[in-house]
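One-letter residues, chain by chain:
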Amino acid sequence: MPESSKHVLNRFRQGDVDAFEELFRSHQDGVYRWILRIVRDTGAAEDITVETFFKIYRAHARFDSERGFEPWARRIATHAALDWIRAHKLECEFTPALEATLSSPSCDPAVQAEIRLKTAEAFTRLPVKLRVATMLAVVDEQPHKLIAESLGITVGAVKLRVFRALRLLRKDLERQGIRP
Amino acid sequence: MTDFKPDLNSGAQSELDRLKALLKAAVPPIPQDAELSRDLWPGLLRRIDREPARVPWFDWALGALLIALAAAFPTVIPVFLYYL
């Protein structure tokens, strides 16, 4: 870590607002994108980003510079985003990607769109924990290690959540007459 | 905890892969370059200013202890005031 970054982190730890602003400016986009991947709503993601940095500011004295700012911020952001999902009892609605193609190219476009819609709906019915892990790992292709750190679980647990989510998704789709 | 490795045959694995592809087609990924639409710093400063000053729990406990002491032994009040 460069000496200047260390200095900024130390100043932040002591409650320096200028150092906090510097950290905010350099990490806000990354934190925002991470939150957006979890809540899939730009307005909510911006609000949660503010809330996340507010929590970071309040917890400045507990910051451990050895563990790095980014993983710490991502973890706080993940919890804030999960809290938001639970508080709003919101089954995030996904807009099916119109440009995406299914594995069977011969399929009717209208049928493909219907399948995508049903898949998105079935996905929203999954438990939040499974859905978030799967969204980050499968949809956004984030590294398992990163997801594990952010959720405070092991890499094995992330894989297990993804596996369970896909199994539940398959069962749900099969109930609707869709065989993936 | 040991790493989770589902024991899958090739059929189950390809079904899992198809499911992943279906999911990726149904739920659009967030673009890698997604950016904020506005500057959040002013809002964050307002959020920090809005936060009322927090009194630590032990300050409340100490205050309660002093009140209880004064109620139980009123004679200590002048002594206490003298040392303030």
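Small disclaimer: the values here were computed from a predicted structure and weren't measured.

Draft legend 1. Spatial organisation of the overall build of chain A. Check the secondary structure of chain A and you find eight helices and zero strands. The order of α-helices and β-strands along chain A, N terminus first, is α-α-α-α-α-α-α-α. In chain A, of all internal contacts separated by at least 6 residues, the share reaching a separation of at least 24 is 65%.

Draft legend 2. Focus on the domain arrangement of chain A. All names here are of chain A. You can read the domains of chain A as domain 1 (3-88) and domain 2 (109-175). Once you take the C-alpha centre of each, domain 1 and domain 2 turn out to be 25 Å apart. Taken together, the contact between domain 1 and domain 2 spans nine residues of the former and nine residues of the latter. Every element with two or more residues in the side of domain 1 that touches domain 2 is listed here: α2 (17-39) and α4 (69-88).

Draft legend 3. Representation of the packing of helix α3 (residues 42-58) of chain A against helix α2 (residues 41-50) of chain B in the model. Axis separation between α3(A) and α2(B) bottoms out at 10 Å; the angle between their running directions is 50°. Put simply, α3(A) runs oblique to α2(B). In this structure, α3(A) crosses over α2(B), and the sense of that crossing is right-handed. Contacts between α3(A) and α2(B) pair V50(A), F53(A), F54(A) and Y57(A) from the former with G43(B), L44(B), R47(B) and I48(B) from the latter. Grouping the amino acids of the contact of α3(A) with α2(B) by side-chain chemistry returns six nonpolar, one polar and one charged.

Draft legend 4. Helix α5 (residues 109-124) of chain A, seen in detail. Residues and elements named next belong to chain A. Spanning 16 residues, α5 covers 23 Å between terminal C-alpha atoms, matching the ideal 22 Å at 1.5 Å per step. Every buried residue of α5 is listed here: I115, R116, T119, A120, A122 and F123. Down the axis of α5, the sector holding all buried residues measures 165°, keeping them to one side. Structural note: α5 exposes A110 and V111 on the side pointing more than 90 degrees away from its buried face.

Draft legend 5. Summary view of the confidence of the model for chain B. Across chain B, pLDDT averages 83, with 86% of residues at or above 70. Interface confidence in the predicted complex, given as ipTM, is 0.72; pTM for the same model is 0.76.

Draft legend 6. Quick peek at the nonpolar core. With 50 residues, the main nonpolar core has I35(A), V39(A), A81(A), F123(A), A133(A), L169(A) and L23(B) as its most contacted residues. Residues from two domains meet in this core; each of domain 1 (3-88) and domain 2 (109-175) of chain A gives at least three. Non-local contacts of L23(B), meaning those with residues more than four positions away in its chain, are made with T119(A), F123(A), V138(A), V139(A) and L169(A).

Draft legend 7. Spatial organisation of the environment of E21(A). By the secondary structure assignment, E21(A) is in helix α2. Once the C-alpha coordinates of E21(A) and Y57(A) are considered, the two residues, 36 residues apart in sequence, prove to be 9.8 Å apart.

Rules and cut-offs
Residue numbers run consecutively from 1 along every chain, following the written order of its sequence. Written order determines the labels here, with chains lettered from A and ligands numbered from 1. This being a predicted model, a pLDDT of at least 70 is required before a residue's local features are given, and a value of 80 or more before pairs of side-chain atoms are given or counted; all residues contribute to the totals for chains, interfaces and linings. For the purposes of this entry, the term helix denotes a DSSP run of H or I that reaches at least four residues, the term strand denotes a run of E that reaches at least two, and both are numbered from the N terminus. Any pair of residues counts as being in contact when their C-beta atoms, constructed from backbone geometry, are within 7 Å of one another. Note: domain ranges come from an automatic or database domain assignment. Under this scheme, a helix contributes an axis fitted over its contacting stretch, all axes are lines through C-alpha atoms, and angles between N-to-C directions fall in the 0 to 180 degree range. Note on terminology: angles under 35 degrees are roughly parallel, angles over 145 are roughly antiparallel, angles of 65 to 115 are roughly perpendicular, and the others are oblique. Crossing handedness is defined as follows: a turn of the near helix away from the far one that is anticlockwise and smaller than a right angle gives a left-handed crossing, while the clockwise case is right-handed. Amino acids outside the nonpolar list (Ala, Val, Leu, Ile, Met, Phe, Trp, Tyr, Cys, Pro) and the charged list (Asp, Glu, Lys, Arg) are all regarded as polar, and Gly is one of them. How far a helix is expected to stretch is found by multiplying one less than its residue total by 1.5 Å. Put plainly, a residue is buried at 20 or more neighbouring C-beta atoms within 10 Å of its own, exposed at 12 or fewer, and partly exposed in between, counting only other residues' C-beta atoms, which are placed from the backbone. The directions considered for the arc run from the helix axis to the C-beta atoms. Confidence of the predictor at the level of single residues is captured by pLDDT, which takes values from 0 to 100. Only buried residues count toward a nonpolar core: Ala, Val, Leu, Ile, Met, Phe, Trp, Tyr and Cys, linked into one set through C-beta atoms within 7 Å.

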